[in-house]
Amino acid sequence: MGAVFCTIATTHGGLEATLLNLITPMLHQGMIIVGLPGNIPENVLYGSYYGVGISCPIESSVLLNEQDQALGRALGERVVQVTAQLQNDNRK
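What comes next is a walk through the structure.

### Observations concerning the side chain of asparagine 43
Turning to its location among the elements, asparagine 43 is positioned in the loop between α1 (15-28) and β2 (52-55). In this structure asparagine 43 touches Leu36, Pro37, Gly38, Ser48, Tyr49 and Leu71, once residues within four positions along its chain are discounted.

Below, the structure written as structure tokens:
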């Protein structure tokens, strides 16, 4: 089970391409990839379903804002939920 996240220094730095390229070796290893669906409130404005990508401009003194942190927490919680669901399904 796994999920991907990345940070970039520019607004159009290739977030989705990076996320997709991170997923490829995970699939090669047989991992189940957990994304961040659009129905999760934290992801409404972000708009990528492959994982979490955050822009951290070099000139900014703020590394992660509240929205960025919320996205990270939401992805982590989703990995836990999906893992628990699969474990429960295997026990039946």
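What follows picks up the thread again.
### Notes on the nonpolar core
Within the largest apolar cluster, eight residues are counted, these being Leu36, Ile40, Val52, Ile54, Cys56, Leu71, Ala74 and Leu75. Among the elements of the structure, β2 and α2 (66-91) are those that each provide at least two residues to this core. Examining the composition of this core, we find that three residues originate from one element, α2, more than from any other. Ignoring any residue separated from it by four or fewer positions in sequence, one finds isoleucine 54 in contact with Cys6, Thr7, Ile8, Leu15, Leu64 and Asp68. By size, the runner-up hydrophobic cluster in this structure holds seven residues, among which are Val4, Leu15, Leu19 and Met26.

### Side note on a nonpolar patch on the surface
Together, Met1, Ile32 and Leu86 line one region of the surface with nonpolar side chains, adding up to about 230 Å² of accessible area. Topologically, isoleucine 32 is positioned in the loop between α1 and β2.

How each quantity is defined
Residues numbered from 1 in each chain as written. Predicted model: local features only at pLDDT ≥ 70, side-chain atom pairs only at ≥ 80, totals over all residues. Heavy atoms only, no water. Helix = DSSP H or I, 4+ residues; strand = E, 2+ residues; numbered from the N terminus. Contact = heavy atoms within 4.5 Å. Core = buried A, V, L, I, M, F, W, Y, C linked by side-chain atoms within 4.5 Å. Buried < 20%, exposed > 50% of the residue type's maximum accessible area, 1.4 Å probe, protein only. Patch = residues over 30% accessible without salt bridge, like charges linked within 9 Å, V, L, I, M, F, W, Y side chains within 5 Å. Areas by Shrake-Rupley, 256 points an atom, 1.4 Å probe, with all protein chains shown as cover. Salt bridge = Lys/Arg side-chain N within 4 Å of Asp/Glu carboxyl O.

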